[in-house]
Structure formats: C-alpha cells, structure tokens
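# A structural walkthrough
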Amino acid sequence: MTSIFEVSPRCKELQKKLISFVENDCLPAEEVYESQVGAGDQRWKTTPPIMDELKAKAKSLGLWNLFLPKSYPEGPGLTNLEYATLCEITGRCPRVAPEALNCSAPDTGNMEVFAKYGTPEQKQKWLVPLMNGQIRSAFAMTEIAVSSSDATNIETRIERVGDHYIINGHKCWISGAGDPRCKVYLVMGKSDPDNEHKYRQQSIVIVPADTPGVEVVRAMTVFGYDDAPEGHCEVKFTNVKVPVANIIAGEGRGFEVIQGRLGPGRIHHCMRAIGMAERSLDVMIARVTDPSRRTFGKVLARHGTVAADVAKIRIEINASRLMVLAAADKIDKLNAKGAMRDIAMAKVMVPQMLQRTIDLAIQAHGAAGVGQDFPLARFAAGARTLRIADGPDEVHMMQLARFELMRGDEIREKDKKIKARRAQILDNGSKL
C-alpha cells in the first residue's frame, strides 16, 4: 500500500487488522447505523447504539486514537505517513469507520490542539475524555457574515473583562455542534482587533457547550444531507463568559494554532478521500462487469469509453495517493509549516480526483447511481464539500502560485549563467 514509502511492521499489522475491521464490521453496519440515527428532532438527540459496539471492538483490537503522531506522548507512536495509510482504509466507510476508531473530524484536530497547546488542567478536563471517546467537540471558526476563507475577516469578539473573556459572534458550518455528545467548542475570534499585525489579532478560547449564551440555531444541509447526529450547524455566542484560563496557547496566537491544526487534518481528509475513491471504483467495476447488465449486446465493461474511464480512474487514484503520502512524509520531517506546499497540492488535487471518480461511477450506474442503494450520492456530496472545507481550492492555488512565482529571480539568474557558459563554449571553438 505504501509504495516507495516505508512503514513500520507495527503499522503493517494495524493495516491488516483495520482492513478486517472495516470489511467485516463497519461496512456491514452502515445500513444499521443510518436506520438508528432516528427521524425528525430525534436525529439530534440520540446516537446510534451500534456505534458504541463498534467502538468497543475497535478498542479491543488496538484500533483506537491512531491519529496523534508519535511526537505526542498521548499518541500510539505512529508517524503521519503511517497514519495516512490507515486513514485510506477508514475512508472506504467514511460515515462509520473514522468515528468507530475515535479518529473523526473535528475531534482529531481538537485533540491535537489540546495535546500540543493545552495546559495540564485543560488536558485533564477535555483531552482525556475526548481520547476516551466519552465526549465530542466542535471547532468554531467559519462565520455567516464574512468570507471566512480569509480568516483575518473573522468578526467574533473575545474581550477580556477582569478574570473572564466575553465572547460575541455568529458562526456557521460548525461541524459536530449538533451532536448531543458535543461538550466543548474551540472558538476563534478577535481578542486584539487593533493590533497592527493582522495575524496576531485572533485568539482561541475553550467554551463548554453548556455555557449560557451558546445557541445552536439550526443544522445546515449539504446537498440535502444533514449528517445527523453531528451536523454542520449555525451557532450564536451571545455574551458567553468563560475564565481567562480557557485561552489556548495565549492571546494573539490563534493563527499559529489553526495552522498547526489544519495541516495534518487536510492530509487526513485527503487520504480518506482516496479510500472513498477506491470504494467508488470497486462499486463501478462490480457494476460494469456484471454479466446480467448489457447494453447494445455487450457487458458495460466491453464498451471502450467505460474501460477507458476505469483506466483513467486507476491512474489518478495512484497518483493522488503518492502525492498525499509525500505530503505526510514531509510533515514528519519538516512539520506542517514546512510541508505547506505539498499539503496545498494534495488538498487541491485529491478532492477533484474524487469528484471525477464518483461522477464516472454514478454514470456507469445510471439512475441507480444517484439513489440510496449505493454510497455514490452521499460520496458525491462529501467530495464536492471537501473542495471548500479547510480552505477552498482557490486559496490553496493562490498559495501554491505564490511559492512558485517567488522562484522568478532564481530562474532568471540561472538562465543568465547558462547563457554566459554557452557563449564561453562557443568562444572556445565549441569545446568545453
């Protein structure tokens, strides 16, 4: 699975266990999970009992909290590269498998924030129950009234009054906020809006979900899916009061924290997307090679366009996997900031690849492809959303272009030297 990237024997053993767990437990449990979510308001008040069973089994197999890299004492000792290979496996069953392993967003990112920046008291109060799977969490950054792809636009105010912070803001698309198990928010807002350094204006504070003034207004839908019980919610914070001790890392360090949080998280999303693409391709191959399904006298796979589509998908999946593994490997070696270029490339390429894969798989299924009998319609909604989540394509493209264009002077200088050397060779009678 890892190609030119080597992983430890322990990781290989975990891969085998996880493949068996996903194929024998998670995938067969998908339909039961959806049926247990409930209907109407109950979708936001109950959690599927089968998930508790899956979590218990995952723990017994040692498939628990695999995401924290080995630099954290709380983690299982894996590298980002190794976890990326495991993430792909869970991506084949994205609604069930990641949560069953306590490795689902936004909890993974929030746990890493607590592990990296949290005080001993903050870790004991929030990280421990999160890592035990006893509670869930949300990360409140995106806002309803501003373009949040540029996080300097965020308007939520975090004002210090004595020994407390008062928070006022209107957030939207806050994943996990609808879950009855959500007990804590990490809220990003401006604590120093007049600071001349625009990336030092923001802070992140811990807000217990039951704090007065926290209001979950509604759950948003994603192409008609509400993703209950977690949801993606509109949330208001009105005169929310928390102790000063609830600050993460310190005032003005909000951007530092989110960059450390989002880098690995983007790679987790990308590798799960490759798992989704692999499953979509499997579903497509099963359909087009089914001897009972023929058009114009031939099995679908015998039509040239269908066969070509399968080949293109395989090429794109393999190329995307290598790009993600390379980014994960660079995070291990240079940290998330040092791997920004590779993360950005993966974040643009992989969701687009996934969209194309799902679209072709849907096409091969005809009307069935957009219905509930196959996972493709839900996958399509998730794939399209992924091109917006954790920063839209355009932001990553802009960042990539900036990295590349900075090489202009270097390229011109190198070209100048080549031309000078060429002239020297010609002057020497075409001899070196």
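The coordinates are above.
Read on for a plain summary of the structure. Given the structure is predicted, the values throughout are model-derived calculations rather than measurements.

## Notes on the overall build of the protein chain
Counting its secondary structure elements, the protein chain contains 12 helices and nine strands. Taken against the 2.2 N^0.38 rule, which gives 22 Å for 432 residues, the C-alpha radius of gyration of the protein chain at 24 Å falls within 12% of a compact globule. Principal-axis analysis of the C-alpha atoms gives the protein chain an extent of 80 × 70 × 45 Å. Taken over 432 residues, the protein chain has a buried fraction of 50%. Put simply, 74% of the contacts in the protein chain that link residues at least 6 apart link residues at least 24 apart. Here the protein chain has roughly 20,500 Å² of accessible surface; of this, 54% comes from carbon and sulfur atoms. Positive and negative side-chain charges in the protein chain, numbering 59 and 53 respectively, have mean positions lying 5 Å apart.

## Comments concerning the pairing of strand β2 (residues 157-161)
In this sheet, strand β3 (residues 164-175) lies alongside β2 in antiparallel orientation, the contact comprising five bridges. In the sheet register, Arg157 faces β3, and the bridge partner there is Asn168. Between the antiparallel neighbours β2 and β3 lie two residues, among them Gly162 with a positive phi of about 65°.

## Thoughts on the packing of helix α7 (residues 254-288) against helix α8 (residues 304-338)
Between α7 and α8, whose axes approach to 10 Å, the crossing angle comes to 160°. What the angle tells us is that α7 and α8 run roughly antiparallel. Relative to α8, α7 is oriented so that their crossing is left-handed. Class assignment for the residues of the contact of α7 with α8 results in 20 nonpolar, three polar and four charged.

## Here we look at the side chain of Glu82
Counting through the fold element by element, Glu82 comes out in helix α3 (residues 80-91). Buried charge Glu82 goes without a salt bridge, the closest partner of opposite sign being Lys70 at 6.3 Å. Residues within four places of Glu82 in sequence aside, it is in contact with Val7, Ser8, Cys11 and Gly77.

## Some thoughts on unusual backbone geometry
In most cases, non-glycine residues show a negative phi, while peptide bonds are predominantly trans. Between Ala105 and Pro106 the backbone carries a cis peptide bond, its omega angle lying at 0°. Of note, Pro106 is situated in the loop between α4 (97-100) and α5 (107-117). Of note, Asn102 is a non-glycine position whose phi angle comes to about 60°, a positive value. By the element assignment, Asn102 lies in the loop between α4 and α5. The class of Asn102 is buried, set by a relative accessible area of 5%. Although it is not a glycine, Asn239 adopts a positive phi angle of roughly 50°.

What counts, and where the lines are drawn
- Residues numbered from 1 in each chain as written.
- Predicted model: local features only at pLDDT ≥ 70, side-chain atom pairs only at ≥ 80, totals over all residues.
- Heavy atoms only, no water.
- Helix = DSSP H or I, 4+ residues; strand = E, 2+ residues; numbered from the N terminus.
- Rg over C-alpha atoms; globule rule 2.2 N^0.38 Å.
- Buried < 20%, exposed > 50% of the residue type's maximum accessible area, 1.4 Å probe, protein only.
- Contact = heavy atoms within 4.5 Å.
- Areas by Shrake-Rupley, 256 points an atom, 1.4 Å probe, with all protein chains shown as cover.
- Lys, Arg positive; Asp, Glu negative; His and termini not counted.
- Charge placed at Lys NZ, Arg CZ, Asp CG, Glu CD.
- Pairing = 2+ DSSP bridges.
- Axes fitted to C-alpha atoms, helices over the stretch in contact; angles between N-to-C directions.
- Parallel < 35°, antiparallel > 145°, perpendicular 65-115°, else oblique.
- Left-handed = near helix turned anticlockwise from the far one by under 90°.
- Nonpolar A, V, L, I, M, F, W, Y, C, P; charged D, E, K, R; others polar.
- Salt bridge = Lys/Arg side-chain N within 4 Å of Asp/Glu carboxyl O.

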